[in-house]
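Structural features, examined
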Amino acid sequence: MSLFIPDFEDATVVRAADAELVGADSPVINQLLADSSATGGALSSMRVTLAKGANGAVPHHHSKSAEMFYILDGTAQLLSDDQVIIAERGDAIVVPPGTQHAFAAAPGEIADMLVIITPGVERFEYFRHLERIRYGKVPPESLLEVQELYDNYFGASAAWEAARG
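As the structure is a prediction and not an experimental result, all values here were calculated from the model. (Residues numbered from 1 in each chain as written. Predicted model: local features only at pLDDT ≥ 70, side-chain atom pairs only at ≥ 80, totals over all residues. Heavy atoms only, no water.)

**Focus on unusual backbone geometry**
Rule in force here: Secondary structure counts use DSSP, requiring at least four H or I residues in a row for a helix and at least two E residues in a row for a strand, with both numbered from the N terminus.
A cis amide bond links Thr118 to the next residue, Pro119, at an omega of -10°. Residue placement: Pro119 occurs in the loop between β9 (111-118) and α1 (124-134). Positive phi is not limited to glycine here, since Asp81 has a value of about 60°. Here Asp81 lies in the loop between β5 (66-80) and β6 (83-88). The residue Asp151 is not glycine, and still its phi comes out positive at about 50°. Within the secondary structure layout, Asp151 lies in the loop between α1 and β10 (153-154).

Dropping the structure here:
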């Protein structure tokens, strides 16, 4: 195993008032905190707030990064491989690289999560891309063209489909 040493010198400070919000008028709000370029590749982080029962991310995996979900409030459903986990306030789930995962607010519940991807991948533009899809500016299929760029590869999961109904 090799050790990754991030390359940055000064602390990255993101004030809540300055953090970009993507999807502010939707059931899924992404507050973009620190992208890979701001942390010397150490991590990318965002806060994801899901309305009651809202779907967050469909099944996917990252080939190069682990992803941590820390539940700030509410209850989330998370897929890790074929296991659906119910996570509540204060719970942390770390999904290893290459493991298919997904997340959503549990039915009838909200979920507010801190999400950290490490080592970092430039992800902020991915969320902006999702916003362009939501507004009809680009087709949903356009995500297939940028899977490698964002280390975000889509899949399918019978366990997730059964859990989400």
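**Observations concerning the environment of Gln77**
So the rule is basically this: Note on definitions: a residue-residue contact is assigned when non-hydrogen atoms from the two residues lie within 4.5 Å. Any pair of nitrogen or oxygen atoms within 3.5 Å is treated as a polar contact; in protein, a donor-acceptor pairing is required on top of that, and neighbouring residues in sequence qualify only through side-chain atoms on both sides.
Mapping Gln77 onto the fold places it in strand β5. In this structure the C-alpha to C-alpha distance between Gln77 and Trp160, which are 83 residues apart in sequence, comes to 9.2 Å. Excluding its chain neighbours within four sequence positions, the residues that come into contact with Gln77 are Val84, Ile85, Ile86, Ala102, Phe103, Ala104, Ala105, Ala106, Pro107, Trp160, Ala163 and Arg164. Within the structure, the side chain of Gln77 is placed 2.5 Å from the side chain of Arg164, a separation counted as a polar contact.

**Concerning the pattern of salt bridges**
The test is simple: What counts as a salt bridge is simple: a side-chain nitrogen of Lys or Arg found within 4 Å of a carboxyl oxygen of Asp or Glu.
The final tally for this structure, using the stated rule, is six salt bridges. Of the charged contacts in the structure, one is a salt bridge between Arg134 and Asp25, with a shortest N-O distance of 2.5 Å. Of this pair, Arg134 sits in helix α1 while Asp25 sits in the loop between β1 (20-22) and β2 (28-34), and the two are 109 residues apart along the sequence. Salt bridges sharing partners connect three or more residues here, namely Glu20, Glu125, Arg128 and Arg132.

**A short note on the environment of Ala111**
Note that Ala111 resides in strand β9. Distance in space between the C-alpha atoms of Ala111 and Ile93 is 14 Å, their sequence separation being 18 residues. With near-sequence residues (within four places) excluded, Ala111 lies in contact with Val48, Thr49, Leu50, Asp73, Gly74, Thr75, Ala76 and Ala105.

**A few points about the pairing of strand β8 (residues 101-105)**
Put simply, the rule reads: Each residue is placed in one exposure class: buried if its accessible area under a 1.4 Å probe, protein chains only, is under 20% of its type's maximum, exposed if it is over 50%, and partly exposed if it falls in between. Any two strands are treated as partners once DSSP identifies two or more bridges connecting them.
Counting buried residues along β8, five of its five residues qualify, which places the element largely inside the surrounding structure. Here strand β4 (residues 55-61) runs beside β8; their pairing, made up of three bridges, is antiparallel. Bridge pairing links His60 to His101 in β8. Pairing between β5 and β8: five bridges, direction antiparallel. Its bridge partner lying in β8, Leu78 is registered against Phe103.

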